[in-house]
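Here is what each chain is made of, one letter per residue.
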Amino acid sequence: MAIGWLSRLAAATPPPVFAAVGPGLLPATERLLARPTLRRCGSPREAAILLVAGTIPEPAGAALDRVHDQLPHPRASFDWDGGGDAEAAIGALWRGLLGGGASEPDRLPDEPPNSWRGEGDHGQGGEGMMGGVPYGRPMAMTGDDLRDGLSLDLYTARIGPFAPMLPPGLQLSATLQGDLVVTAAVARPPFEQPAEADAPEACAARLLRLLGLGGDADRLLRGGRPRGLGALAAIPTGLAADAQGGDARARLRAWLGGEMVDVVCPDPGDLLVGLEWHEATLALASFPPSALRRATQAAEAA
Amino acid sequence: MNLLIVVAVAVIAGVALTLAAHGGARPAPPGTAPQALPFLGGGTPDTHAWQRFHFRAYSMTLLFVAFEMEMMFMYPWAVVFVAEGLKALAEMGMFLAILSIGILYGWREGVFRWQ
């Protein structure tokens, strides 16, 4: 049986895992996924196992269901409380899936965001080119560009709380024009994490991963030294300046040198406007999780 | 004649194989609505992501085409000019006039304002 042989071969590879990290378990999850026996996925589309670390608070429950439903079949989810042998449990789940085990059904109902079938001239759900809700969603409309005032389309979305490029729990309500952040506001602050999450190697690893140096990030988390050269030069100077005169590059340099960074993070809404999306993710990751959480809570209280 | 038979057989075999592949393949089942949602880490979008954006390299492309095309034709033209004289000069004048419309358009679009 060719399929049986292929499944056995596939089951020997590291299981592809997408992590939805809850409060308190960021450092433990990062250490778990830095192991070579698990494959960390940047998108649920790539993964077969959804790792749910910790207890996800209720406001984020619907978001977790959405992420769960975006995993392709066959899929399984694994609730982890931070203890036990998670690696072995995930491996067993993966082998079970490839051995023909049952895939989890969708948690959300199979309904489009807006009803559209049969409406409009061609049954596409809209009027003309841009009106109505073609295929269930309105079309993007124009607004003035920050850079040169050209009138271009705006894309407004809530991003997070399980976006892998943002701190876990942080939900940004952002308007983008192409890749440029036009407005940004914190819809929900990041989850609380233990002091361990502010450790220099953990913070540096997060930035290195965003720069595409996943191997170096894993090496740092396992207690090694990064090998990649030029990571510092890849971060623009003056990005995410703090009140003490440092910027993202200076903080990464300090973290790579093994120093703790204690800074006050500015209001994330003001910090991100005018940056490109990737710069914005670097700017957020260049603050220790505790500083970012304090800043978002202060912004919410204000 | 032999070649004709070979071509005919190849065409018939090709059509038959295409039809067989098309008929034999089942269409993939459509994904469910939650699976069709774009991945925003659990967040939701307000609109479709299909949008008009500014291709900012276009002004450079315009300049490149305008000036590079000029130079590309000037080298062979220089050879012809020696033999043809005034006629070749008039032809190049027409060509440059057309290209300079592109340059004028680029000027209006602010191509020459370096920022």
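In this report, the structure presented in the accompanying data block is examined. (Residues numbered from 1 in each chain as written. Chains lettered and ligands numbered in written order. Predicted model: local features only at pLDDT ≥ 70, side-chain atom pairs only at ≥ 80, totals over all residues. Heavy atoms only, no water.)

A few points about the overall build of chain B
Right, so step 1: Broken down by element type, chain B carries 4 helices and 0 strands.
Right, so step 2: Along its sequence from the N terminus, chain B presents helices and strands in the succession α-α-α-α.
Right, so step 3: Taken over the C-alpha trace, chain B has a radius of gyration of 28 Å; the compact-globule value for 115 residues is 13 Å, which it surpasses by more than 25%.
Right, so step 4: Evaluated residue by residue, chain B yields a buried proportion of 17% over its 115 residues.
Right, so step 5: A fraction of 56% describes how many contacts in chain B between residues 6 or more apart in sequence connect residues 24 or more apart.
Right, so step 6: If the 6 positive side-chain charges of chain B are averaged to one point and the 6 negative ones to another, these points end up 14 Å apart. (Helix = DSSP H or I, 4+ residues; strand = E, 2+ residues; numbered from the N terminus. Rg over C-alpha atoms; globule rule 2.2 N^0.38 Å. Buried < 20%, exposed > 50% of the residue type's maximum accessible area, 1.4 Å probe, protein only. Contact = heavy atoms within 4.5 Å. Lys, Arg positive; Asp, Glu negative; His and termini not counted. Charge placed at Lys NZ, Arg CZ, Asp CG, Glu CD.)

As for the interface of chain B and chain A
Right, so step 1: Facing the 23 residues of chain B at the interface are 47 residues of chain A.
Right, so step 2: Counting the surface lost from both chain B and chain A, the interface buries some 2,900 Å², and carbon and sulfur atoms represent 52% of this.
Right, so step 3: Remark: the boundary between chain B and chain A carries 1 salt bridge.
Right, so step 4: Among the ionic pairs, R158 of chain A bridges to D46 of chain B, the shortest N-O distance being 2.8 Å.
Right, so step 5: Its residues placed into classes, the side of chain B that touches chain A shows 10 nonpolar, 10 polar and 3 charged. (Buried area = accessible area lost by both parts, 1.4 Å probe. Salt bridge = Lys/Arg side-chain N within 4 Å of Asp/Glu carboxyl O. Nonpolar A, V, L, I, M, F, W, Y, C, P; charged D, E, K, R; others polar.)

What about the packing of aromatic side chains?
Right, so step 1: With the rule as written, the count across this model stands at 4 aromatic pairs over all chains.
Right, so step 2: Arranged with centres 5.1 Å apart and planes meeting at 25 degrees, the rings of W77 of chain B and F81 of chain B form a pair that is stacked. Here F81 of chain B and W77 of chain B lie together in helix α3 (residues 58-84), a separation of 4 residues that amounts to about one turn.
Right, so step 3: The ring of F287 of chain A carries the charged tip of R251 of chain A above its face, separated from the ring centre by 4.0 Å. (Phe/Tyr/Trp six-rings, centres within 6.5 Å; stacked < 30°, edge-to-face > 60°. Lys NZ or Arg CZ within 6 Å of the ring centre and 35° of its normal.)

Focus on the packing of helix α5 (residues 200-210) of chain A against helix α6 (residues 214-221) of chain A
Residues and elements named next belong to chain A.
Right, so step 1: Two elements in contact, α5 and α6, have axes whose closest approach is 8 Å; the angle formed by their N-to-C orientations is 170 degrees. As the angle between them shows, α5 and α6 are arranged roughly antiparallel. Between α5, through E201, A202, A204, A205, L208 and R209, and α6, the contact on the second element is made entirely by G214, D216, A217, D218, L220 and L221.
Right, so step 2: By residue class, the composition of the contact of α5 with α6 is 7 nonpolar, 1 polar and 4 charged. (Axes fitted to C-alpha atoms, helices over the stretch in contact; angles between N-to-C directions. Parallel < 35°, antiparallel > 145°, perpendicular 65-115°, else oblique.)

What about the nonpolar core?
Residue and element names in this part refer to chain A.
Right, so step 1: In terms of nonpolar packing, the biggest core is built from 48 residues, with I159, L172, L239, L272, A283 and L284 touching the most fellow members.
Right, so step 2: The element best represented in this core is α5, accounting for 7 residues.
Right, so step 3: Those residues within four positions of L172 in sequence are excluded, and the remaining contacts are A157, R158, I159, L166, A185, V186, A187, L272, W277 and L284.
Right, so step 4: Formed by 21 residues, the second largest nonpolar core is a distinct cluster that contains A19, I49, A76 and A197. (Core = buried A, V, L, I, M, F, W, Y, C linked by side-chain atoms within 4.5 Å.)

Examining the pairing of strand β7 (residues 155-159) of chain A
Residues and elements named next belong to chain A.
Right, so step 1: Across the two faces of β7 the burial differs, with Y155, A157 and I159 buried and T156 and R158 not buried at all.
Right, so step 2: Strand direction decides the pairing type here: β7 and strand β8 (residues 171-177), joined by 5 bridges, are antiparallel. Within β8, the residue paired with Y155 across the bridge is L176. (Pairing = 2+ DSSP bridges.)

Focus: the sheet that holds β8 of chain A
Residue and element names in this part refer to chain A.
Right, so step 1: Pairing in this open sheet of 3 strands is antiparallel, and the strands run β7-β8-β9 from one edge to the other. The open sheet is flanked by β7 and β9 (180-188), the only strands paired with a single partner. Between one strand axis and the next, the sheet turns by 20 degrees as a mean value, whatever way the strands run.
Right, so step 2: In the packing of helix α9 (residues 277-285) onto the sheet, the strands contacted are β7, β8 and β9, and the crossing angle to β8 comes to about 155 degrees.

Describing the sheet that holds strand β2 (residues 39-40) of chain A
Residues and elements named next belong to chain A.
Right, so step 1: Here we have 4 strands laid out as an open sheet, ordered β2-β1-β3-β4, and parallel in their pairing. Strands with a single pairing partner mark the edges of an open sheet, and in this sheet they are β2 and β4 (76-80).
Right, so step 2: Sheet topology note: the strand β1 (residues 16-21)/β2 ladder contains 2 bridges and is parallel. Looking across to β2, one finds that V17 is bridged to R40.
Right, so step 3: On top of the sheet, helix α4 (residues 86-98) reaches β1, β3 (49-53) and β4; it is set at about 165 degrees to β4, its chief contact.

Comments concerning the side chain of R206 of chain A
Residue and element names in this part refer to chain A.
Right, so step 1: Here R206 shows up in helix α5.
Right, so step 2: Only 2.7 Å separates the side chain of R206 from the side chain of E30, close enough to count as a polar contact.
Right, so step 3: Aside from chain neighbours lying at most four places away, what touches R206 is L26, E30, A197 and P289. (Polar contact = N/O pair within 3.5 Å; in protein donor to acceptor, adjacent residues only side chain to side chain.)

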